[in-house]
Each structure stands twice: as C-alpha cells, then as structure tokens.
Amino acid sequence: MEISDELLCLFNAEVTVKDDEYVVEVPKSEIETGSVDPGDVYRVALIERHGDAGGSDGTSSSTSSTSSSSASTGASSEPQPPVEEGEIRYVEIEDIGKQGDGIARVERGYVIIVPDAEIGERVKVEVTEVKSNFAVGEIIDEEY
C-alpha cells in the first residue's frame, strides 16, 4: 500500500452511528499537536486493520467515507515514525529537554530533538536520525 506524503496523522478509530451519520472521532491529541484543525476539511482514508476479517458482526467490511470529522486509521498496532532520515521539516520549538536541546512535536506527538534551538523558535530542520519514539533534526534555516 502506498501512503501519501501529505499524511497528517494516523490513528485507530471506530466508525460509529450518530443520528443519520457515520462518525469517526479524531483523538484530542491530533488536534493538540497541530496535525489537524477543527473546522477544516480533510481527505479521509479508512483501512481495515490486519487480522480483522470484517465488522464485529462477522460480515465483510469495506468502507470509504468523507466527513467533517477527519481521520485516518492505521493498519499497525505500532505506528511507524512520521519522519524519515534526510526529510526537511518546518517545526516550532515547544520545550527544552533535560540536555538543553529544543523539543518540537509533529504528527501524533512524535518528538524531534533540535540542538541549539530556543522555545518559540520556528526553524527549518533536516532530520538526521530517526528512532521509534523520537528523531533528531539539525537546523538548516533559523526562521521560516
């Protein structure tokens, strides 16, 4: 399966029925990290989870939907890092880590550590190292 470079967030969600609509709820963390904004319209992809043969009633489930509640569901219980080595990102430094490095958060709250950055700085970084729970980025432009 090919994943678009425009992917903003990836999470698991259940499709529920509310009145005459089918609803996919977006986790609060996706809004708080700035991945998606309430009121904006997004493209939605629903992907069947591995190991699920269909819906909870045993019937086959194949759903495609668009909604003002944006969502993407993931196929893996362990999401992959949302960045790759060599990737260029524009980030805002939200915090300073214990070692004095800047901390930026991207999709799903994933952390990019940015040495020599200050809180509030908006910088262009190149991702130089990727781990399962964080990445390291080098500043290539001070202001964007």
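Look a little higher up for the structure.
These numbers were taken from a predicted model, which means no experiment stands behind them.

A.B. asks: I'd love a proper account of the environment of Glu30, names of residues and values included.
C.D. replies: Following the sequence through the fold, Glu30 ends up in helix α1 (residues 28-32). With a relative accessible area of 2%, Glu30 lands in the buried category. Here the alpha-carbon distance between Glu30 and Leu10, two residues 20 residues apart in the chain, equals 8.9 Å.

A.B. asks: I'd like a description of the sheet that holds strand β7 (residues 122-130), backed by residues and values.
C.D. replies: Spatially, β3-β7-β8-β6-β5-β4 is the arrangement adopted by the six strands of the open sheet, whose pairing is mixed. The sheet is open, and its two borders are formed by β3 (88-92) and β4 (95-96), each paired with just one other strand. Relative to strand β5 (residues 102-105), β4 runs antiparallel, the two being bridged by two bridges. Directly across from Ile96, in β5, lies its bridge partner Gly102.

A.B. asks: Explain the pairing of strand β1 (residues 15-18) to me, and be specific about the residues and the numbers.
C.D. replies: The pairing of β1 with strand β2 (residues 21-24) spans four bridges and is antiparallel. Residue pairing across strands places Lys18 opposite Glu21, the latter belonging to β2.

A.B. asks: Summarise the pattern of salt bridges; cite the residues concerned and give the values.
C.D. replies: Summed over all chains, the structure comprises five salt bridges. With its nearest N and O atoms 3.5 Å apart, the salt bridge here joins Glu92 to Arg122. Placement of Glu92 in strand β3 and of Arg122 in strand β7 is noted, with a sequence separation of 30 residues between them. Residue Arg122 is classed as partly exposed on the basis of its relative accessible area, which comes to 40%. For Glu129, the salt bridge identified is with Lys131, shortest N-O distance 3.5 Å. Judged by its relative accessible area of 33%, Glu129 is partly exposed. A relative accessible area of 38% means that Lys131 is categorised as partly exposed.

Thresholds, definitions, all that
Throughout, residues of each chain are indexed from 1 in the direction in which the sequence is written. Local features in a predicted model are, by the rule used here, given only for residues with pLDDT of at least 70; side-chain atom pairs are given and counted only at 80 or more, and totals for whole chains, interfaces and linings are based on all residues. Where side-chain values are given, they derive from all heavy atoms of the structure, hydrogens and water being excluded. Numbering of helices and strands starts at the N terminus; helices are DSSP runs of H or I of at least 4 residues and strands are runs of E of at least 2. Three exposure classes are used, based on accessible area relative to the maximum for each residue type with a 1.4 Å probe and protein chains only: buried under 20%, partly exposed in between, and exposed over 50%. Being paired, for any two strands, means DSSP has found at least two bridges between them. Just to be clear on terms, a salt bridge is a Lys or Arg side-chain nitrogen sitting within 4 Å of an Asp or Glu carboxyl oxygen.

The values are spatial; any link to function lies outside them.
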